Amino acid sequence: MKKSVWAVTAAIFLLTACDTAISSDDSSGSSGTTETSYSSGSSSTGSQSVEITDSDETSCESVSYSQSGANVFEISASTSQLTITGLSSGKTIYMTNTNPTATTISSAYTRYVSSASGISLSTGDSTSSSTSSGSAPSSHDHPGRSHCLSLSLNSALPEITESLARSVSALETVTPAEYSQSDIGSATREIYVDQDSDISTFAQETATLRAAGEFCYVWVVSDNWTDSGASGEKIDSSIASSIASNFDAMYKKIRAVFGSESDRLSANTSISSTVSMENYSETGTMVNIVVYDIGKDYSKGTNSGSIVGYFYAKDYFVLASASSIYRYSNKGKYFYVDAYFAANYTSTVYSTLAHEFQHMIDFGVKTMDQGIESSTAHNEMKSMLCEDIMYGTLEAIDSEFSEEDSPVSRLPLFNRHYADVGLEYKTSSPEVYYSYANNYAFGAWLLRAYGGITLLHEFATNDAADETSIIKALGTTGSETDTMEELLKAYSMNCVLGEDESGFKTELSASDLTFEGYEYTLNPIDIWNLADMLPESYAECKDSADYYKFDGPYLYGYKTQTELRPYGMALHVIGTAEDESVTIQFNTSGISTAQRVYVVVE
């Protein structure tokens, strides 16, 4: 079990007079966003205020480079100058800015290097900002890497009022049907499915049972079925059967880590007031996977679709008939898969099954059982980590399954746009795609750096949400890291010191990948060589530097200021040492005290 990621060299600062001559340019920093003026006191950025300071008393600090471990030196708000001695020529020096708060810090209030001596300063990667121009990346750039609708739909569910509530005595009990292989092709159900791309209107359509697994039924709407080979928006028996068998293969493994989806339906104003599915759902406790044209958006001319699949919590309610979404409840465990993607990108759909099943489980474990609602960002991170740990299971079943079908394919966007979003969920395009990439990258690093499957189980099932659930989970796994500040420090270190075989690149032990008797996969990820991890065809079609980067995270120059998003970071390359002693000067006026700044020497 890993208790810390980095053997960080302790920096003993020696306070000295700030009289070192600085030879490099001492002009103000540059920003990828519009500069604003500052004043001492506080600045409103987002829903909270950020403390801004002008340091009346600044300090100059001196540290010695150590030949062992990562040399990481924290720069306090009052530090105006840092001298590093004991260097050898050619050492690369970096700076990372992190924001361990839920409030955005404006670029105008961030720290930068104003000048330095003994070092060849760097302007960073080829452009001055990671913010791109041009058209947004389409979900069709990689099918299945579109954003998930589940949580936006569930968060918009109307409040359950007394007029919608039903007493248990008013409910009609049912005897669930138990379908078998002999019912395939003959059993039908009228199932509510969406009728528009906004997923706002619903109607019942006839769906036929096309596969029956141990834990699931696969229903296909009539218009999306063919007996003569899958194509367009129609699937056949082989695909229906493979959906059932792949879901069955993942079912127990996912439940072992994330907990069990609820077997109960809510019938009252309180979501905890429930009744058993065995008595009130026509399919009992089986999971129903419905295949049809989601959003009615398939076009033969473009041969495309836009939504791969979703889980909608309305199906967990059995309420009075009313003019609300609840009247379209299918009353059971349901999630929905697009027929076009099932027919044409079947491997991606398998991973989507894992993703949506986690959403279903989270609704039961956190919301129904504990009254906790995870943020969209955190919930999507967990669903992508569910895909991550299922990689080996799906690869063993499907020889065509690859990283292109997994969340690893999102990482070129992370490398290019990690600074444009933090650990948050932005709904506008293209930021929504960056949100998925960022949240997956952090979760993937976290599991590989701090304990594998056990850690995931802890924060997926404990009695907290979001960052609090992660910190609480770390405490149960023996980690010495117990704050988001410390996590972001280690995370940013790994993102600039890519040669270290830890963090993303960690080769976890068998014990870290085994839980409750099941084996899982968390392969090392080399974010500095993604072109080698992803299929050649994928890398070739993602060569636009506007949006994708395959050779490690974007590095800003020494003087660039960029907005720090909630729980976000900015990575800078200061330059290359030319002498055994380097002196670095920092801005100290009008800076946010919420940010954390680290100088890192390779």
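Preceding block: the structure.
Remember, it's a predicted structure, so these values are computed and weren't measured experimentally.

S.K.: What am I meant to see in the sheet that holds strand 4 (residues 59-64) here?
M.R.: Reading across the sheet, the four strands line up as 4-6-22-8 and stay open at both edges, with mixed pairing between neighbours. Here the strands that pair on one side only, and so sit at the sheet edges, are strand 4 and strand 8 (113-117). Here the average twist between neighbouring strands, direction ignored, is 20°. Inspection of the sheet shows strand 6 (residues 79-85) paired to strand 22 (residues 581-586) by five bridges, in the antiparallel sense. Paired with L82 across the bridge in strand 22 is I584.

S.K.: Is there a simple way to explain the packing of aromatic side chains in this structure?
M.R.: Here the distance between the centres and the angle between the planes together describe a pair of aromatic rings. The final tally for this structure, using the stated rule, is 38 aromatic pairs. Geometrically, the ring pair formed by Y391 and F401 is tilted, given 5.5 Å between the ring centres and 55° between the ring planes. Taken as a pair, Y391 in helix 7 (residues 391-397) and F401 in the loop between helix 7 and helix 8 (411-417) lie far apart in primary sequence, 10 residues in all. The class of Y391 is buried, set by a relative accessible area of 6%. Its relative accessible area of 4% is what places F401 among the buried residues. Through successive ring pairs, a cluster of aromatic residues spans Y192, F202, Y292, Y310, Y312, Y328, Y334 and Y336.

S.K.: How should I be thinking about the pattern of salt bridges in this particular structure?
M.R.: As a working rule, side chains carrying opposite charge can pair if their charged atoms are close by. Tallied over the entire structure, the rule returns 13 salt bridges. One salt bridge in this structure joins K296 and E205, with 2.8 Å as the shortest N-O distance. Here K296 is found in the loop between strand 15 (287-292) and strand 16 (309-311), whereas its partner E205 is found in strand 11 (residues 202-212), with 91 residues between them in sequence. Taking the relative accessible area as the measure of exposure, K296 reaches 38% and is therefore partly exposed. Judged by its relative accessible area of 14%, E205 falls in the buried class. Here D388 ties to R448 by a salt bridge, and the two come within 3.1 Å at their closest N and O atoms. With D388 in helix 6 (residues 376-389) and R448 in helix 9 (residues 431-450), this residue pair connects regions lying 60 residues apart in the sequence. We note that D388, like R448, is buried.

S.K.: I keep staring at helix 2 (residues 237-258) and nothing clicks. Help me out?
M.R.: A turn of α-helix holds 3.6 residues, and therefore any two residues three or four places apart point the same way. Helix length check: helix 2 (22 residues) gives 30 Å between terminal C-alpha atoms against 32 Å at 1.5 Å per residue, within 8%. Helix geometry: helix 2 is bent most strongly at Y251, by close to 35°. One or two steps after helix 2, the chain reaches G259, where phi turns positive at roughly 100°.

S.K.: Any chance you could explain the packing of helix 10 (residues 453-461) against helix 11 (residues 466-476) here in plain terms?
M.R.: For any two helices packed against each other, the geometry comes down to the angle between their axes and how far apart the axes lie. Look at helix 10 against helix 11: their axes get within 8 Å of each other, and the N-to-C directions meet at 130°. As the angle between them shows, helix 10 and helix 11 are arranged oblique. Along this stretch, helix 10 crosses helix 11, giving a crossing that reads as right-handed. Between helix 10 and helix 11, the residues in contact are L455, E458 and F459 and S469, I470, A473, L474 and T476, respectively. Its residues placed into classes, the contact of helix 10 with helix 11 shows five nonpolar, two polar and one charged.

S.K.: Looking at this structure, how should I read the sheet that holds strand 12 (residues 216-221)?
M.R.: Backbone hydrogen bonds hold the strands of a sheet together, and the pairing may be parallel or antiparallel. On the basis of which strands lie adjacent, the open sheet formed by six strands has the order 10-11-12-15-17-16 and mixed pairing. A single partner strand is all that each edge strand has here, and the edge strands are strand 10 (188-194) and strand 16. When the angles between neighbouring strand axes are averaged without regard to direction, this sheet yields 35°. In the sheet, strand 11 pairs with strand 12 via five bridges, with the strands oriented antiparallel. When the sheet's bridge partners are listed, A211 is paired in strand 12 with V218.

What counts and what doesn't
Residues numbered from 1 in each chain as written. Predicted model: local features only at pLDDT ≥ 70, side-chain atom pairs only at ≥ 80, totals over all residues. Heavy atoms only, no water. Pairing = 2+ DSSP bridges. Helix = DSSP H or I, 4+ residues; strand = E, 2+ residues; numbered from the N terminus. Axes fitted to C-alpha atoms, helices over the stretch in contact; angles between N-to-C directions. Phe/Tyr/Trp six-rings, centres within 6.5 Å; stacked < 30°, edge-to-face > 60°. Buried < 20%, exposed > 50% of the residue type's maximum accessible area, 1.4 Å probe, protein only. Salt bridge = Lys/Arg side-chain N within 4 Å of Asp/Glu carboxyl O. Expected span 1.5 Å × (residues − 1). Bend = angle between axes of the 7 residues up to and from the residue. Parallel < 35°, antiparallel > 145°, perpendicular 65-115°, else oblique. Left-handed = near helix turned anticlockwise from the far one by under 90°. Contact = heavy atoms within 4.5 Å. Nonpolar A, V, L, I, M, F, W, Y, C, P; charged D, E, K, R; others polar.

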